[in-house]
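# An overview of the molecular structure
Here is what each chain is made of, one letter per residue.
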Amino acid sequence: MLFRRDTANMWTLITPPTVWALHFLFCYVAAAIVCAKDPSWLPGLRLAIAGATLLALGLILLAGLQAHRHWGFGDDLPPHDEATDEDRQHFLGFATLLLVGLSAVAVLFGALPALFITECVR
Amino acid sequence: MGATPDRRRRECSAGLVLGAGFLVSACGGPQSALDPAGEEAAEIAHLFWVMLAGAGLVWALVVGAAVFGGRFQRQPISDRAGLRLILWSGAFAPTLILAGLLIYGLRLMPVLRAAEPALRIEISAEQYWWRITYVGAGDVRIETANELRLPAGRAAELTLDSVDVIHSLWIPSLGGKMDMIPGRTNRLVLRPQRPGTYRGVCAEFCGTAHALMAFPVEVMPPADFDAWLVRQAAPATPGGDEAAFLANGCGGCHTVRGTAATGTIGPDLTHLAGRSSLGAGLMPNTPGNRRRFVADVERLKPGVRMPSFGMLAPAELDAILAYMESLR
C-alpha cells in the first residue's frame, strides 16, 4: 500500500500529484462526456465531482500524514542534504508534504468551476 | 550647452503629463474594453479593475517587504522564522489571493452565458469578412455582411462559426472575445446598453488580411433597430442598370436579393450603399472608395478572393458603381 509505508520512496512522493491528475481528468472528461451525451445529467455530475473532490482531498490528507511521519514530524529543518539515510527520508517526506499542499490546492481549484457552472453550453 | 537640470526636470514632467494624457485618451473610443457600452463589457471591465487593484496590492506588499528588508531590518532572522515567513507569505498568502481572484472570475461565467435572448444573429467568419444573418421569429433569415446592428437594452445571442480557419470575434466595448472555429458553433450573448457606433475586430490571426478584418457595430434605440431590420428584410430596389453588374460576373459571388445576382461566395450586397463601411471595416463607404475597392481590391486587401476589376472600360465601371450606389 502507498499509504502505510515505513519509508518514503519515489512512489510515495508522486502519490499526491497523481491523485490531483486523476481528479482533474475525472472532472474534465466526465463533464465533456455528460455535456456531449445528455446535459440533463449535469446536476448528478456536479455531485459526483463534489464526491471525487472529497475523496481526492482525503487521499491527499492520508499521504500528507504519512509524509509528515517520514519527515520526522518536523524535528529537523531543511535542507536535508546530508548523504545519510535519515536525511534522504526527511528530504522525501518534506518534498512530499510540499506536493501535498500544492495538490490539495490544485484539486480545489480544479473543482471550483463545477460550483459555478450550472449548464452545458452548445 | 545642454539643458540645466531644472529645465530638464520641467521637460520631463511635461512629457509625463503629455504621456499620461495620451494613455488616458486611449481608454475611451469605439474600441475600448475600459469604456464599456454593454453589460458584459461592464462586468469584464470591473473584473479588470479588481484584478488590477489586487495585483497592485501584491506589488506594493512585495516591494514594501523588499524595502523593509534592505533599509530597516539589518539583523538576520532565525532559520525557523525564515521558514515561517516563506510558508506564510510565499505559499499561504498567494494561494488565498489566487483563490479569491479565481472565485471572483469564475462567478462571472454563468452571468456571461445566461439569458434567453429574443434576437439571434448568426455570424460566420470567412477570410476576411463577416457573413451576418439575423434570424427572426418563424426562422426568417435576413442576410447582410460586415456591419452589425444591435438594439440597445435588449439581449442578442450571437452564434459564431467559421468556414475556413479559426477567427475570433471581439467587440471590446460590448463584451469579451469568442473564438470562431470551423465545425463548431460558439455562442456569445451581448446586452448593449448605450447607443453608439463601436468597432469589432477579428482577434485571432487568420491570414494576410487579418488586420483588415473588422466591422462597425451600431447600437441603436430598439424602435430604430426594428425599423432598420424591416428595411433590411426587403429585397433590393436597384435604381441603376444591372446589366454591367451581371455581365461582369459580380452576381456569381454576390447576392442582390430580388435580382438575378444570387452568388453566395462573397458578401450579400442587397443594401450595400446603406452600410457605413466598405470591405469589412476597411474604409468609409463613399462612392470614391467603392471605385477604388472594385478596381483595386487585391492591393487594398491582400489575400482577398475577389479579383480587381480595374481592367474594365471606365464606362463599364461607372455603370457597376452607379448600380451599387442605388442599393440602399
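Residues numbered from 1 in each chain as written. Chains lettered and ligands numbered in written order. Predicted model: local features only at pLDDT ≥ 70, side-chain atom pairs only at ≥ 80, totals over all residues. Heavy atoms only, no water.

Per an unreviewed UniProt entry, the recorded name for chain B is Cytochrome aa3 subunit 2, and the organism is Ancylobacter oerskovii. Annotation of chain B in UniProt includes, under Catalytic activity (unreviewed entry), the sentence "4 Fe(II)-[cytochrome c] + O2 + 8 H(+)(in) = 4 Fe(III)-[cytochrome c] + 2 H2O + 4 H(+)(out)". According to the UniProt record, the Subcellular location (unreviewed entry) comment for chain B reads "Membrane". (UniProt positions renumbered as here; feature names shortened; annotations may be inferred.)

### Section: the UniProt feature "transmembrane region" (unreviewed entry) in chain B
All names here are of chain B. Those places that UniProt annotates as "transmembrane region" (unreviewed entry) correspond, in this numbering, to residues 44–69 and 81–106. Taken end to end, residues 44–69 is 100% helix and 0% strand, and its first and last C-alpha atoms sit 37 Å apart. Secondary structure across residues 81–106 comprises 100% helix and 0% strand; the distance between its end C-alpha atoms is 36 Å. (Helix = DSSP H or I, 4+ residues; strand = E, 2+ residues; numbered from the N terminus.)

### Comments concerning the packing of helix 1 (residues 10–37) of chain A against helix 3 (residues 85–116) of chain A
Residue and element names in this part refer to chain A. Contact geometry of helix 1 with helix 3 gives a least axis separation of 7 Å together with a crossing angle of 10 degrees. With respect to their mutual orientation, helix 1 and helix 3 come out roughly parallel. For the pair formed by helix 1 and helix 3, the contact residues are Thr-12, Leu-13, Pro-16, Pro-17, Trp-20, His-23 and Tyr-28 on the first element and Leu-92, Ala-95, Thr-96, Leu-99, Val-100, Leu-102, Ser-103, Ala-106, Val-107, Gly-110, Ala-111 and Pro-113 on the second. (Axes fitted to C-alpha atoms, helices over the stretch in contact; angles between N-to-C directions. Parallel < 35°, antiparallel > 145°, perpendicular 65-115°, else oblique. Contact = heavy atoms within 4.5 Å.)

### Points about the interface of chain B and chain A
Contacts between chain B and chain A engage 17 residues on the former and 12 residues on the latter. Summed over both partners, the interface of chain B with chain A comes to about 1,400 Å²; 73% of that surface belongs to carbon and sulfur atoms. Linking chain B to chain A there are zero salt bridges. Here chain B is connected to chain A by zero residue pairs in polar contact (both at pLDDT 80 or more). The dominant element in the side of chain B that touches chain A, judged by the number of residues it contributes, is helix 3 (residues 79–113) of chain B, at 13 residues. Among the residues making up the side of chain B that touches chain A, the classes are represented as eight nonpolar, two polar and seven charged. (Buried area = accessible area lost by both parts, 1.4 Å probe. Salt bridge = Lys/Arg side-chain N within 4 Å of Asp/Glu carboxyl O. Polar contact = N/O pair within 3.5 Å; in protein donor to acceptor, adjacent residues only side chain to side chain. Nonpolar A, V, L, I, M, F, W, Y, C, P; charged D, E, K, R; others polar.)

### Quick notes on the packing of aromatic side chains
Geometry of an aromatic ring pair is reported as the spacing of the ring centres plus the angle between the planes. Residues and elements named next belong to chain B. A complete count under the given rule lists 10 aromatic pairs over all chains for this structure. Centre to centre, the rings of Tyr-134 and Phe-225 are 6.2 Å apart; their planes meet at 50 degrees, and the pair counts as tilted. With Tyr-134 in strand 2 (residues 129–135) and Phe-225 in helix 4 (residues 222–233), this pair connects stretches of sequence that are 91 residues apart. Residue Tyr-134 is classed as buried on the basis of its relative accessible area of 1%. When its relative accessible area of 1% is taken as the criterion, Phe-225 is described as buried. Through a chain of ring-to-ring contacts, the aromatic side chains of Tyr-134, Phe-225 and Trp-228 assemble into a single cluster. Here the basic side chain of Arg-107 rests over the ring of Tyr-104, its NZ or CZ set 4.7 Å away from the ring centre. (Phe/Tyr/Trp six-rings, centres within 6.5 Å; stacked < 30°, edge-to-face > 60°. Buried < 20%, exposed > 50% of the residue type's maximum accessible area, 1.4 Å probe, protein only. Lys NZ or Arg CZ within 6 Å of the ring centre and 35° of its normal.)

### Here we look at the UniProt feature "transmembrane region" (unreviewed entry) in chain A
Residues and elements named next belong to chain A. Residues annotated in UniProt with the feature "transmembrane region" (unreviewed entry) correspond here to residues 20–36, 48–71 and 91–117. Taken end to end, residues 20–36 has its terminal C-alpha atoms 24 Å apart, with 100% of it in helix and 0% in strand. Secondary structure within residues 91–117 divides into 96% helix and 0% strand; the distance between the first and last C-alpha atoms comes to 40 Å.

### Thoughts on the sheet that holds strand 2 of chain B
Residue and element names in this part refer to chain B. If you walk across this open sheet you meet the five strands as 3-2-1-5-8, and the pairing is mixed. In this open sheet, the two edge strands, each paired with only one partner strand, are strand 3 (141–145) and strand 8 (186–190). When the angles between neighbouring strand axes are averaged without regard to direction, this sheet yields 25 degrees. Strand direction decides the pairing type here: strand 2 and strand 3, joined by five bridges, are antiparallel. Looking at the pairing, Ile-132 lines up with Thr-144 of strand 3. Taken strand by strand, helix 4 contacts strand 1 (119–126), strand 2 and strand 3, and its axis lies near 90 degrees from that of strand 3. (Pairing = 2+ DSSP bridges.)

### Topic: the pairing of strand 5 (residues 156–162) of chain B
Looking down a regular strand, the side chains alternate between one sheet face and the other. Residues and elements named next belong to chain B. The buried fraction of strand 5 is high, at six of seven residues. Bridge count between strand 1 and strand 5: seven bridges; the pairing is parallel. Opposite Ile-121, over in strand 5, you have Leu-158 as the bridge partner. Taken together, the five bridges between strand 5 and strand 8 define a ladder with antiparallel strand orientation. Bridge pairing in strand 8 places Glu-157 opposite Val-189.

### Focus on the sheet that holds strand 4 (residues 148–151) of chain B
All names here are of chain B. Pairing in this open sheet of five strands is mixed, and the strands run 4-10-9-6-7 from one edge to the other. Edge positions in the sheet fall to strand 4 and strand 7 (178–180), since each of these pairs with one other strand and no more. The mean inter-strand angle of the sheet, taken between neighbouring strand axes irrespective of direction, is 25 degrees. Summarising the sheet, strand 9 (residues 196–202) and strand 10 (residues 214–220) pair through six bridges and their orientation is antiparallel.

### Remarks on the domain arrangement of chain B
Residues and elements named next belong to chain B. If you check the domain split of chain B, you get domain 1 (119–231) and domain 2 (243–325). Placing a centre on the C-alpha atoms of domain 1 and another on those of domain 2 gives a separation of 22 Å. Across the interface of domain 1 and domain 2, roughly 1,400 Å² is buried in total on both sides, 49% from carbon and sulfur atoms. Taken together, the connections running from domain 1 to domain 2 amount to zero salt bridges. (Domains from an automatic or database assignment.)

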